[in-house]
Amino acid sequence: MANCDTLLASSIGTACPNGRGYESDAVIINYEDVDWSRTMLDGDNSNLLKALVLKTGKRGYPVKQRGANPFTGSQTEMAESDFVHGFNHTVSMVEVDYSPEAVGVINALANGKFVMVLHSAAAKVKTDIGQEVQTEDPSGEYPVFGLYQGLRASEITRDAYSDDSAGGWVINLVENNSPVSGLFLWAGTAAATGSMYESLKAAAS
Amino acid sequence: MTREEIQLALEEMKGCLKDAGSLLKYRSTLSAIYWRLFRKTLRECNCKDVLRDAYLEIYAFMKTNPQIPKEMTARLKNGALFFLRGQHYTNANLTDEVAREYLDKYPSAKGLFAALPAPEEPAANSEEPATEEPADSEVKKTKKRKKK
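(A) Up close: the overall build of chain A. Along the backbone of chain A there are two helices and 11 strands. Counted from the first residue to the last, chain A has its helices and strands arranged as β-β-β-β-β-β-α-β-β-β-β-β-α. Out of the 205 residues in chain A, the part that is buried amounts to 41%. By sequence separation, contacts in chain A at least 24 residues apart represent 72% of the contacts at least 6 residues apart. Total accessible area computed for chain A in this model is approximately 11600 Å², and 50% of it derives from carbon and sulfur atoms.

See below:
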């Protein structure tokens, strides 16, 4: 199990750089809307989330970010502990709207608990390994945050004249003491994972 | 929702096309028709042309396709996905036939579904042999009674 690893089992720094940052789209899900009976990690690699299913009648909500660096400010840092170190994941985003509807969203973000699936700009370019039948290595295209501890708001500010937020809200959601440094949605193939990601945003079933 | 019902709804909305804002009251209807035909949800944004774009897309589909896709009863929970015969299925490409086949093979997968597929309609041919038997059995019964 990867999140119990204490022994190094592969090399460091040998992978080629493959871009950085995130795409402008993501999905945010209310933590209590996750169907835990059907959501599960991959049995061979617990850094992969093989299924993320929502309860009947529930849906994820699309998040759209403008600008050259969507979700700028998002980061992961180790959280030191006396017993087992964990990781704090921060997802930073901007809501440019200032309206009654937007305020409703901000109120929910301020006190809710969430899971987010982002869309990495880094992992989607794949390498042809030259075999007739290609097997697909798990991709880091869809990182998942908040699955273990939930993402909660640590900071929400609005500066009406800020250039960073175009006068809107800067929102930081943090998952504290996650046992893993990263978790990725992976349904077995890149196409299936993309379909799974899109289905999270569909109208309530 | 039948083809006729969709056409009636489009006719009702036609007068609102010039002003995209006046289509707002038909949002739920357009959303339902859009899902019925394309198994997709409407684009979510604040742009008021979303509904007009959806109307035009539906209108063009109805003009160019004499038949609409068969209405489905099966629906997966959001995020659910399964593999069958090498192909992956979500709500976007699920059919009742595929759902029944998958559930026949994996009955414990019912928890993936928000709505189970309706039972398959029995084929018309299977009824013909059954109608012949009662006539023979009645003849046999009358013969037995005469012997007594």
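(B) Structural detail: the overall build of chain B. Within chain B, the secondary structure is distributed over five helices and four strands. Along chain B, from the amino end to the carboxyl end, the secondary structure elements read α-α-α-β-β-β-α-β-α. By the burial criterion, 34% of the 148 residues in chain B qualify as buried. In chain B, 48% of the contacts between residues at least 6 apart in sequence involve partners at least 24 apart. Split by element, the accessible area of chain B, about 9900 Å² in all, is 53% carbon and sulfur.

(C) Broad picture of the sheet that holds strand β1 (residues 22-30) of chain A. All names here are of chain A. A sheet is described by the order of its strands in space; here four strands give the open sequence β4-β1-β7-β8, paired in antiparallel fashion. The open sheet has two edge strands, β4 (61-64) and β8 (144-145), and neither has a second partner. Relative to β8, strand β7 (residues 114-120) runs antiparallel, the two being bridged by two bridges. If you follow Met-116 over to β8, its bridge partner there is Phe-145.

(D) Representation of the sheet that holds strand β9 (residues 152-158) of chain A within the structure. Residue and element names in this part refer to chain A. Spatial ordering of the open sheet is given by β5-β6-β10-β9, a layout of four strands whose pairing is antiparallel. The open sheet is flanked by β5 (75-79) and β9, the only strands paired with a single partner. In this sheet, neighbouring strand axes are inclined to one another by 20° on average, regardless of whether the strands run parallel or antiparallel. Sheet topology note: the β9/strand β10 (residues 169-178) ladder contains six bridges and is antiparallel. Within the sheet, the bridge partner assigned to Ile-156 lies in β10 and is Ile-171. Strands β6 (86-95), β9 and β10 of the sheet are contacted by helix α1 (residues 100-111), whose axis makes an angle of about 145° with β9.

(E) Quick peek at the packing of helix α1 (residues 3-13) of chain B against helix α2 (residues 27-38) of chain B. All names here are of chain B. Put simply, α1 and α2 touch, their axes get as near as 11 Å, and they point 140° apart. As α1 packs across α2, the resulting crossing turns out to be left-handed. When α1 is examined against α2, the residues Ile-6, Ala-9 and Met-13 are found in contact with a partner set consisting of Thr-29, Leu-30, Ile-33, Arg-36 and Leu-37. Looking at the contact of α1 with α2 residue by residue, the classes come out as six nonpolar, one polar and one charged.

(F) Broad picture of the packing of aromatic side chains. Per the stated rule, a full pass over the model turns up 11 aromatic pairs over all chains. Ring centres of Tyr142(A) and Tyr197(A) lie 4.6 Å apart, and the angle between their planes is 35°; this geometry places the pair in the tilted category. Of this pair, Tyr142(A) sits in the loop between β7 and β8 while Tyr197(A) sits in helix α2 (residues 190-200), and the two are 55 residues apart along the sequence. Classification of Tyr142(A) by relative accessible area gives buried; the value is 7%. The interplanar angle of 70° and the centroid separation of 4.9 Å between the aromatic rings of Tyr34(B) and Phe38(B) together place this pair among those described as edge-to-face. Remark: Phe38(B) and Tyr34(B) occur in helix α2; sequence separation between them is four residues, near one turn of the helix. Ring-pair connections join several aromatic residues into one group, and the members of that group are Phe82(B), Tyr89(B), Tyr102(B), Tyr106(B) and Phe113(B). The ring of Tyr98(A) has Arg158(A) lying over it, and the distance from NZ or CZ to the ring centre is 3.5 Å.

(G) The arrangement of the packing of α2(B) against helix α3 (residues 49-64) of chain B in detail. Residues and elements named next belong to chain B. Where α2 contacts α3, the axes come no closer than 10 Å and their chain directions differ by 40°. The orientation of α2 with respect to α3, classified from their angle, is oblique. Where α2 crosses over α3, the two elements pack in a sense that is left-handed. Facing Arg-27, Leu-30, Ile-33, Tyr-34, Leu-37 and Phe-38 of α2, the residues of α3 in contact are Leu-51, Ala-54, Tyr-55, Glu-57, Ile-58, Phe-61 and Met-62. Residues that form the contact of α2 with α3 fall into these classes: 11 nonpolar, no polar and two charged.

(H) Region of the structure containing the interface of chain B and chain A. The interface is formed by 17 residues belonging to chain B together with 22 residues belonging to chain A. The largest contributions to the chain B side of the interface with chain A come from Lys77(B), Asn78(B) and Gly79(B), which together make up 35% of the buried area. Counting every contact that joins chain B to chain A gives one salt bridge. One salt bridge connects Asp35(A) with Lys77(B), and the closest N-O pair in it is separated by 2.6 Å. Residues of the side of chain B that touches chain A, tallied by class, amount to seven nonpolar, seven polar and three charged.

(I) Region of interest: α1(A). Residues and elements named next belong to chain A. Between its first and last C-alpha atoms α1 spans 17 Å; for 12 residues at 1.5 Å apiece the expected length is 16 Å, and the two agree. All of the buried residues in α1 are Ala-102, Ile-106 and Leu-109. Down the axis, α1 shows its buried residues gathered within 65° of arc, on one side only. With respect to the buried face of α1, the exposed residues turned more than 90 degrees away are Pro-100, Glu-101 and Asn-111. Looking at the buried positions of α1, the neighbouring elements they touch are β1, β6, β7, β9 and β10.

What counts and what doesn't
- Residues numbered from 1 in each chain as written.
- Chains lettered and ligands numbered in written order.
- Predicted model: local features only at pLDDT ≥ 70, side-chain atom pairs only at ≥ 80, totals over all residues.
- Heavy atoms only, no water.
- Helix = DSSP H or I, 4+ residues; strand = E, 2+ residues; numbered from the N terminus.
- Buried < 20%, exposed > 50% of the residue type's maximum accessible area, 1.4 Å probe, protein only.
- Contact = heavy atoms within 4.5 Å.
- Areas by Shrake-Rupley, 256 points an atom, 1.4 Å probe, with all protein chains shown as cover.
- Pairing = 2+ DSSP bridges.
- Axes fitted to C-alpha atoms, helices over the stretch in contact; angles between N-to-C directions.
- Left-handed = near helix turned anticlockwise from the far one by under 90°.
- Nonpolar A, V, L, I, M, F, W, Y, C, P; charged D, E, K, R; others polar.
- Phe/Tyr/Trp six-rings, centres within 6.5 Å; stacked < 30°, edge-to-face > 60°.
- Lys NZ or Arg CZ within 6 Å of the ring centre and 35° of its normal.
- Parallel < 35°, antiparallel > 145°, perpendicular 65-115°, else oblique.
- Buried area = accessible area lost by both parts, 1.4 Å probe.
- Salt bridge = Lys/Arg side-chain N within 4 Å of Asp/Glu carboxyl O.
- Expected span 1.5 Å × (residues − 1).
- Arc of directions from axis to C-beta.

Remember that the coordinates give geometry; whether it matters functionally is a separate question.
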